[in-house]
Amino acid sequence: MSATRVFVARLAGCAVFDPAGDRVGKVRDVLVVYRKNDPPRVVGLIVEIPGKRRVFVSIGRVTSIGGGQIITTGLINLRRFEQRGGEVRVIAEMLGRKVLFNDGSGQATIEDVAIEEREPGEWEVDQLFVRRPKGASPFSKGQSAYVTWREVREFTAKGEAQSAEQLIATYSELKPADLANTLLDLPPQRRQEIAAELPDDRLADVLEEMPESDQVDILAKLGDDRAADVLDHMQPDDAADLIAQLPEERGEHLLELMEPEEADDVRFLLSYGPDTAGGLMTTEPIIVSADATVAEGLALIRRHDLPPALGAAVCVTLPPYEPPTGRFLGLVHFQRMLRYPPHERLGTLIDQGLEPVRADTSAAEVSRILASYDLVSVPVVDEKHRLVGVVTIDDVLDYLLPDDWRSHPQETEVGRRAAARAQLTTGSIPIPHGRRAGDGTR
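Remember, it's a predicted structure, so these values are computed and weren't measured experimentally.

A.B. asks: Is there a simple way to think about the overall build of the protein in this case?
C.D. replies: Assigned secondary structure in the protein consists of 16 helices and 19 strands. Out of the 442 residues in the protein, the part that is buried amounts to 49%. Taking as baseline every contact in the protein between residues at least 6 positions apart, the subset at least 24 positions apart corresponds to 59%. With the model as given, the accessible surface of the protein reaches about 21,900 Å², and the carbon-plus-sulfur share is 50%.

A.B. asks: Would you mind showing me how to read the sheet that holds strand β16 (residues 328-333) here?
C.D. replies: In any sheet, the strands associate via hydrogen bonds between backbone groups, in a parallel or an antiparallel arrangement. Taken together, the three strands give an open sheet; going across it, the order is β14-β15-β16, and neighbouring strands pair in mixed fashion. Lying at the two open borders of the sheet, with one neighbouring strand each, are β14 (287-288) and β16. Pairing of β14 with strand β15 (residues 313-317) involves two bridges; the strand directions are parallel. Bridge pairing links Val 288 to Val 316 in β15.

A.B. asks: Quick question: what am I supposed to make of the packing of aromatic side chains here?
C.D. replies: The description of two aromatic rings rests on the distance between their centres and on the angle between their planes. According to the stated counting rule, one finds four aromatic pairs in the structure shown. On the basis of an interplanar angle of 80 degrees and a centroid distance of 5.6 Å, the ring pair of Tyr 34 and Trp 149 is categorised as edge-to-face. You can see Tyr 34 sitting in the loop between β3 (23-33) and β4 (41-49) and its partner Trp 149 sitting in the loop between β12 (144-148) and β13 (152-155), a full 115 residues away along the chain. Taking relative accessible area as the criterion, Trp 149 reaches 16% and is therefore assigned buried. A cation sits over an aromatic face here: Arg 132 above Phe 101, 4.0 Å from the ring centre.

A.B. asks: When you look at the nonpolar core in this model, what are you seeing that I'm missing?
C.D. replies: Soluble globular proteins tend to bury their nonpolar side chains together. Val 113, Leu 128, Leu 219, Leu 231, Leu 346 and Val 391 are the most contacted members of the largest nonpolar core, which totals 117 residues. Apart from residues lying up to four places away in sequence, Leu 128 is in contact with Ile 110, Asp 112, Val 113, Ala 145, Tyr 146, Val 147, Trp 149 and Val 152. Core analysis: the second largest hydrophobic core is formed by six residues, Leu 31, Val 33, Val 43 and Ile 46 among them.

A.B. asks: Help me understand the layout of surface pockets, please; the structure alone is not making it clear to me.
C.D. replies: There is about 1,600 Å³ of room inside the largest pocket. Lining the largest pocket are 50 residues; nearest its centre among them are Glu 208, Asp 237, Asp 238, Asp 394 and Asp 398. At six residues, helix α8 (residues 236-244) tops the list of elements feeding residues into the lining of the largest pocket. Its residues assigned to classes, the lining of the largest pocket shows 22 nonpolar, nine polar and 19 charged.

A.B. asks: Explain the sheet that holds strand β18 (residues 377-381) here, please?
C.D. replies: With mixed pairing, three strands are arranged side by side in an open sheet as β17-β18-β19. Whereas interior strands pair on both sides, the edge strands pair on one side only; in this sheet they are β17 (357-358) and β19 (387-392). Relative to the sheet, helix α14 (residues 363-372) contacts β17, β18 and β19, its axis offset from that of β18 by approximately 140 degrees.

A.B. asks: How do you make sense of the environment of Met 234 when you look at a structure like this?
C.D. replies: Structurally, the position occupied by Met 234 is in the loop between α7 (224-233) and α8. Counting along the chain gives 32 residues from Met 234 to Arg 202, while the straight-line C-alpha distance between them is 9.6 Å.

A.B. asks: Explain the pairing of β19 to me, please; I cannot follow it from the model alone.
C.D. replies: Looking down a regular strand, the side chains alternate between one sheet face and the other. With six of six residues buried, β19 is to be regarded as a mostly interior element. Hairpin connection of β18 to β19: five residues between the antiparallel strands, including His 385 at a positive phi of 65 degrees.

A.B. asks: Can you help me understand the pairing of β18 in this one?
C.D. replies: Counting buried residues along β18, five of its five residues qualify, which places the element largely inside the surrounding structure. The pairing of β17 with β18 spans two bridges and is classified as parallel. Its bridge partner being in β18, Arg 358 is matched across the sheet by Val 381. In this fold, β17 hands off to α14, which returns the chain to β18; that crossover is right-handed. Bridge count for β18 against β19 is five bridges, and the pairing is antiparallel.

A.B. asks: Hey, could you run me through the pattern of salt bridges in this one?
C.D. replies: Side chains that differ in charge, positive against negative, can pair when their charged atoms come close. Scanning the model with the defined rule gives 22 salt bridges in all. Two residues, Glu 48 and Arg 54, come together in a salt bridge whose shortest N-O distance is 3.3 Å. On the basis of relative accessible area, Glu 48 is assigned to the buried category, the value being 4%. On the basis of relative accessibility, which here comes to 4%, the residue Arg 54 falls in the buried class. Note that Arg 345 is salt-bridged to Asp 291, the shortest N-O span being 3.0 Å. Taken together, the residues span a long stretch of sequence, with Arg 345 in the loop between α13 (334-338) and β17 and Asp 291 in the loop between β14 and α12 (294-301) at a distance of 54 residues. Its relative accessible area of 36% is what places Arg 345 among the partly exposed residues.

A.B. asks: In this structure, what is going on with the packing of α8 against helix α10 (residues 260-270)? I would like to understand it.
C.D. replies: Two packed helices can be described by the angle between their axes and the distance between those axes. It is the contact of α8 with α10, at a shortest axis distance of 9 Å, that shows an interaxial angle of 65 degrees. One finds that α8 runs roughly perpendicular with respect to α10. The two elements α8 and α10 cross, and the hand of that crossing is right-handed. Between α8 and α10, the residues in contact are Pro 236, Asp 237, Ala 239, Ala 240, Ile 243 and Ala 244 and Asp 265, Val 266, Leu 269 and Leu 270, respectively. Taken together, the residues of the contact of α8 with α10 break down into eight nonpolar, no polar and two charged.

Scoring rules and cut-offs
The written sequence of each chain sets the order in which its residues are numbered from 1. Whole-chain, interface and lining totals are the exception, using all residues; otherwise, since this is a predicted model, local features are given only for residues with pLDDT of at least 70 and side-chain atom pairs are given and counted only at 80 or more. The basis for every side-chain value is the complete set of heavy atoms in the structure, and neither hydrogens nor water enter the calculation. Strands are runs of DSSP state E lasting at least two residues, helices are runs of H or I lasting at least four, and both sets are numbered from the N terminus onward. Only protein chains enter the accessibility calculation, which uses a 1.4 Å probe; a residue is then buried when its area is under 20% of its type maximum, exposed when over 50%, and partly exposed in between. Whether two residues are in contact is decided by their heavy atoms: any pair within 4.5 Å suffices. Calculation of accessible area relied on Shrake-Rupley with a 1.4 Å probe; when residues are assessed, cover is drawn exclusively from the protein chains displayed. Following DSSP output, two strands are said to pair if at least two bridges run between them. Here is the rule: rings of Phe, Tyr and Trp (six-membered ring for Trp) pair when centre to centre is within 6.5 Å. Planes less than 30 degrees apart are stacked, more than 60 are edge-to-face, and the remainder are tilted. A ring has a charge above it when a Lys NZ or an Arg CZ is no more than 6 Å from the ring centre and no more than 35 degrees off the ring normal. In this description, a nonpolar core means a group of buried Ala, Val, Leu, Ile, Met, Phe, Trp, Tyr and Cys residues linked to one another through side-chain atoms lying within 4.5 Å. Think of a 1 Å grid over the protein atoms and nothing else: a 1.4 Å probe that fits but is trapped marks a cavity, an open set flanked by protein within 12 Å on at least five of seven lines marks a pocket, and residues with an atom within 4 Å of a point count as lining. Grid points are joined across faces, edges and corners, and a volume is the space filled by probe spheres set on the points. Residues are grouped as follows: Ala, Val, Leu, Ile, Met, Phe, Trp, Tyr, Cys and Pro are nonpolar; Asp, Glu, Lys and Arg are charged; every other residue, Gly included, is polar. The angle between two axes is taken between their N-to-C directions and runs from 0 to 180 degrees, where each axis is a line fitted to C-alpha atoms and a helix contributes only its stretch in contact. By convention, a crossover is right-handed whenever its connection, traced from the first strand over the helix to the second and viewed with the strands pointing away, goes clockwise. Salt bridge criterion: a side-chain nitrogen from Lys or Arg within 4 Å of a carboxyl oxygen from Asp or Glu. Any angle from 65 to 115 degrees is called roughly perpendicular, while one under 35 is roughly parallel, one over 145 is roughly antiparallel, and all others are oblique. In this scheme the handedness of a crossing depends on how the near helix is turned from the far one: anticlockwise by less than a right angle means left-handed, clockwise means right-handed.

This is how it looks when you write it as C-alpha cells:
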C-alpha cells in the first residue's frame, strides 16, 4: 500500500480507478462496523459512479490509497448501495459525534477519523481527531487532539442532536442535486440534523432537488419561522409546489410568515392549476424595456445566481417591469444579442416568430411547443397580454418525469442504460450473487 494511515474526510471526492487507469467513480464515504472490544473495522467504500448512483466497494478490493486517488481491482457490483443494520458511515454519521475521555478529563467532538491498514485488505479505525469545547471567550477555539479509539467512548446526551457542522464542511463543494442525493441516503434522524444546520439558502437549493414527499418530511420538522425563511430562498414555483403539498392551514400560516413580496409570488402561482403553464412557470424572468441595450441585456444574464434556462433570453415589455408587466412585446435570445453591437436596442432584436402561451395552456401543449421549436423557455401571458412568467425546459422535465426519478434511477430504462454505459466505460462488471463473504460482495 502506498499509505497505511488515511484521514477519511480527505477521501471525500477522491477519484477511484481500476487497474487499467480508467476512472470508476469518486468516494462519498467510508463504511465501518463496530466491534465489542476492538476499534471499528472498515468494510468498504461508498463510491458514486456515472449516473449519480452510489455503490458499495469492499475494502478487500482496494489495492492502493494515496496521492488523492484510490486503485481497485476493477470488479464492482453495480447494484445501488443500501446500508445494513450495524453499518456506520464515517463522514455522514461519525463526524460530529461527542466522546468522553476515559481519563475523566472531559468531552470532545469528532472532527476526523483516521483508518489504518493492519494487514493486507484489513483496515480499522486507528485515531480520532477531536476538539474540546470552546473556552469562555467567544473568539476562542477549543483545543484539538489526536486520540486512539480506546482512549475515549462515545456518548449522546438525552435529547441532544448530533452536530452536523463537520459533515456540512466536508460536503460544501457538492452541487445541490448531489447533496440532496447524499441526504436521501442517510437515516431520517441524521438527515434532519443536517437540514437543521444547513444555511437557509443552501437548504432551499437542496430541497428543490428532492422529491416533494421528502421536502414535506423535512419541512414538517422545521420550526415555522425557519421553514418560512427557507421558502423565501426557494424559487417561487418550487415553493408553490411544496406549499401545495402541505395541510392548508400550515401552508397559509407559512405564507403569512414569508416576506410579503415572496409570498405574493407564491400565492399568484398557487392560483393556477398544477398541469397548466401558469402552474409550471417561474415568475422571475429577466424583464427589460424596448430601449434597453444589448450591453445591458448581457450584463443581466451574467448574474452568477441566475439559472441557465432563465439566462437564455430576456423578455421585453412595456412598464411596469414586474409580473404582471405591461404589454408583452417579445423575447430576445442571448445568441442574437451576441451578434449585435453593445449599443443596439433590444426592441429591434425581438424574435417575431415566437408566440407566447396563455397561463391556462395545458402542460402537454407547452411541452410540445418547447420540443417542436427547440426552445429553452417560453413566455406566459394573461388575457391582457401581460407577461406573468416563463416556463423553462427544467420546469417541463420536472412535470414529465416520474415522481421517484431521483431516487430509483436503476429501475428505469434510462437507469439500466446508464449502468450499462458505466460498465463499458469503466471496464467493470457486476459480481454475481452467491459469492462467499470476503470476496467483495455484500
